Amino acid sequence: MTGAQRPSRPPTLVVGSGGLLGRHVRSTLERSGASVRTTSVPWHDPVAARAVLRSELAAFVDSSPDGRVNIAWCAGAGVVSTPADELETEVSLFRDVLDDLRAALRPTTRLAFFFASSVGGVYAGSADPPFTELSEPRPLVAYGRAKLAMEEALTAFCAETGSVALLGRITNLYGPGQKLSKPQGLVSQLCLAQLRGTPLPVWVSFDTIRDYLYVGDCAEMVVDALDGLHEHVRGAGSNAVVKILATGTGATLSAVIGETNRVFRRRSRLRIPGAGTPGQARDLRVRSVVWPELDKRTQTPFSVGVRRIADEIALAYAAGTSAPIHKHQSTHVSEISIR
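None of these values were measured; they are calculated from a predicted model. (Residues numbered from 1 in each chain as written. Predicted model: local features only at pLDDT ≥ 70, side-chain atom pairs only at ≥ 80, totals over all residues. Heavy atoms only, no water.)

Concerning the packing of helix α6 (residues 186-196) against helix α9 (residues 302-318)
Between α6 and α9, the shortest axis-to-axis distance is 9 Å and the interhelical angle comes to 55 degrees. Here α9 runs oblique to α6, going by the angle between their axes. Crossing of α6 against α9: the hand is right-handed. Contact residues: α6 offers V187, S188, C191, L192, L195 and R196, while α9 offers F302, V306, I309, A310, I313, A314 and Y317. (Axes fitted to C-alpha atoms, helices over the stretch in contact; angles between N-to-C directions. Helix = DSSP H or I, 4+ residues; strand = E, 2+ residues; numbered from the N terminus. Parallel < 35°, antiparallel > 145°, perpendicular 65-115°, else oblique. Left-handed = near helix turned anticlockwise from the far one by under 90°. Contact = heavy atoms within 4.5 Å.)

Here you go:
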């Protein structure tokens, strides 16, 4: 801003700050000098988790001196293969938390909420890629249906309270900090397999297309979106805006493997079991047509992102602290679970 000081960012509560996206959103905010709040949530116990979040949200809302607060919901235990009953528990908890947040709001509260949703979950059964925010969502498995249910709950919350939200449908995140013990994170699993010299089972065809978004770039988009969300929704027709967070460039599995081979200067050892997995679309190219200003940024080159993952895993592996891969664990080209 010329001739005026840019207003400071409001305090931000990052839910799921220990996960891949949450960790990077937190660090992006901290580097900017923003006030960041995190909390440890016992996700394995929904009753205890709700109690912790209820107390945290009330204290957080009350702590803002001018009523402005941001929430970045980067939590989520599910992946494409998660059973429906577990996902139903997650959806129910999210709805309960929104009820508690509604009770905690004050007449002066000005809330901006980011919710991490999933391109792969939402559009897995949709027709005619590349998909945009205008494409009809057609989830194939319970994971995608759960994401849509949580989006709908947050949309209703915003309509009732006057809060604003960004429903961020994210493509395949990759980058340092991926939890290697879960069946997810293709790029991180490829790097670990390279370092260990072990074969990696791949259950989808090599022409499977995904959009790989570096997690640091995604975190910057989330922070920028929260900054401008109140202004953006004025002309959006809804207080909850759907936005695809992606590079806009699809890459085949074979291209991803080829790039990791170039970084490590040797061929990956792959094992091809021969059977596909449910919920995995072959082509998940996307193109965002909403809020294009958020997409105008320099993206981290894929080779740079791979090298950063390799360096982190190499240090952890050398120290004996990297999470093991179970001998029967498969790696799917699927949406990353964000928690």
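Digging into the confidence of the model for the protein
Low pLDDT marks stretches whose predicted atomic positions should not be read closely. Mean pLDDT over the protein: 89, with 90% of residues reaching 70 or higher. Counting interchain partners and residues more than four positions distant, the pLDDT-below-50 stretch residues 1-6 has 3 contacts. A low-confidence stretch, residues 324-339 stays under pLDDT 50, and its non-local contacts, those more than four residues away or across chains, total 75 contacts. (pLDDT = per-residue confidence, 0-100.)

Let's talk about the packing of aromatic side chains
For any two aromatic rings, the description comes down to two numbers: the centre-to-centre distance and the angle of the planes. Under the defined criterion, the tally for this structure stands at 9 aromatic pairs. Judged by centre distance (6.1 Å) and plane angle (80 degrees), the ring pair of W43 and W73 falls under edge-to-face. Here W73 lies in strand β3 (residues 68-73) and W43 lies in the loop between β2 (36-38) and α2 (46-63), a separation of 30 residues in the sequence. The class of W73 is buried, set by a relative accessible area of 4%. Ring geometry for Y174 and F302: centres 5.0 Å apart, planes at 50 degrees, overall tilted. One end of the pair, Y174, is in strand β6 (residues 172-174); the other, F302, is in helix α9, and 128 residues separate them in sequence. (Phe/Tyr/Trp six-rings, centres within 6.5 Å; stacked < 30°, edge-to-face > 60°. Buried < 20%, exposed > 50% of the residue type's maximum accessible area, 1.4 Å probe, protein only.)

Quick notes on the pairing of strand β4 (residues 110-118)
Of all 9 residues making up β4, 8 are buried, and the element is well covered by its neighbours. With 6 bridges connecting them, β3 and β4 associate as parallel partners. Counterpart to I71 in the pairing with β4 is F113. Traced from β3 through helix α3 (residues 84-104) to β4, the parallel crossover comes out right-handed. (Pairing = 2+ DSSP bridges. Right-handed = clockwise from strand over helix to strand, strands pointing away.)

Here we look at the pattern of salt bridges
Applying the stated rule across the entire model yields 19 salt bridges. A salt bridge links E56 to R37; its shortest N-O distance comes to 2.4 Å. Within this pair, whereas E56 is found in helix α2, its partner R37 is found in strand β2, the two being separated by 19 residues in sequence. Classification of R37 by relative accessible area gives partly exposed; the value is 28%. One continuous salt-bridge network, built from bridges that share partners, spans R50, R54, D96 and D100. (Salt bridge = Lys/Arg side-chain N within 4 Å of Asp/Glu carboxyl O.)

Considerations on α6
Every α-helix winds through 3.6 residues per turn, so residues three or four apart in the chain are directed the same way. The element α6 is largely enclosed, with a buried count of 9 among its 11 residues. Every buried residue belonging to α6 is among L186, V187, S188, Q189, L190, C191, L192, A193 and Q194, and all of these are buried. Buried positions along α6 lie against β6, β7 (200-201), β9 (212-214), α8 (253-264), β12 (270-271) and α9. The positive-phi residue at the C-terminal boundary of α6 is G197, with phi of around 70 degrees.

Digging into the packing of α8 against α9
In the contact formed by α8 and α9, the axes pass within 10 Å of each other and the chain directions differ by 60 degrees. Between α8 and α9, the angle falls in the class oblique. α9 is crossed by α8, and the crossing has right-handed handedness. In this structure, α8 contributes V256, E259, T260, V263 and F264 to the contact, and α9 contributes F302, S303, V306, R307 and A310. The residue makeup of the contact of α8 with α9, split by class, is 6 nonpolar, 2 polar and 2 charged. (Nonpolar A, V, L, I, M, F, W, Y, C, P; charged D, E, K, R; others polar.)

A few points about unusual backbone geometry
Between P129 and P130 the backbone carries a cis peptide bond, its omega angle lying at 5 degrees. Along the chain, the position of P130 falls in the loop between α4 (119-123) and α5 (142-161). Despite not being glycine, W291 has its phi angle at roughly 50 degrees, a positive value. Take W291: it is sitting in the loop between β12 and α9.

Examining the nonpolar core
Residues I71, W73, L101, F113 and L154 are the most contacted members of the largest nonpolar core, which totals 37 residues. For this core, the secondary structure elements donating two or more residues are β1 (12-15), α2, β3, α3, β4, α5 and β5 (164-170). For this core, the element with the most residues is α5, which contributes 9 residues. For L154, the residues in contact, after removing those within four places along its chain, are F94, L98, F113, F115, A165 and L167. Residues V164, I170, L173 and V233 belong to the second largest nonpolar core, which totals 31 residues. (Core = buried A, V, L, I, M, F, W, Y, C linked by side-chain atoms within 4.5 Å.)

Notes on the sheet that holds β4
Strand order across the open sheet formed by 6 strands is β2-β1-β3-β4-β5-β10, with parallel pairing between neighbours. The strands lining the two open edges of the sheet, one partner per strand, are β2 and β10 (240-245). Neighbour-to-neighbour, the strand axes of the sheet open up by a mean angle of 20 degrees, direction not taken into account. Sheet strands touched by helix α1 (residues 20-31): β1, β2, β3, β4 and β5. Its angle to β1, the strand with the most contacts, is close to 160 degrees. Against the sheet, helix α7 (residues 215-233) engages β1, β3, β4, β5 and β10, with an angle of about 135 degrees to β4.

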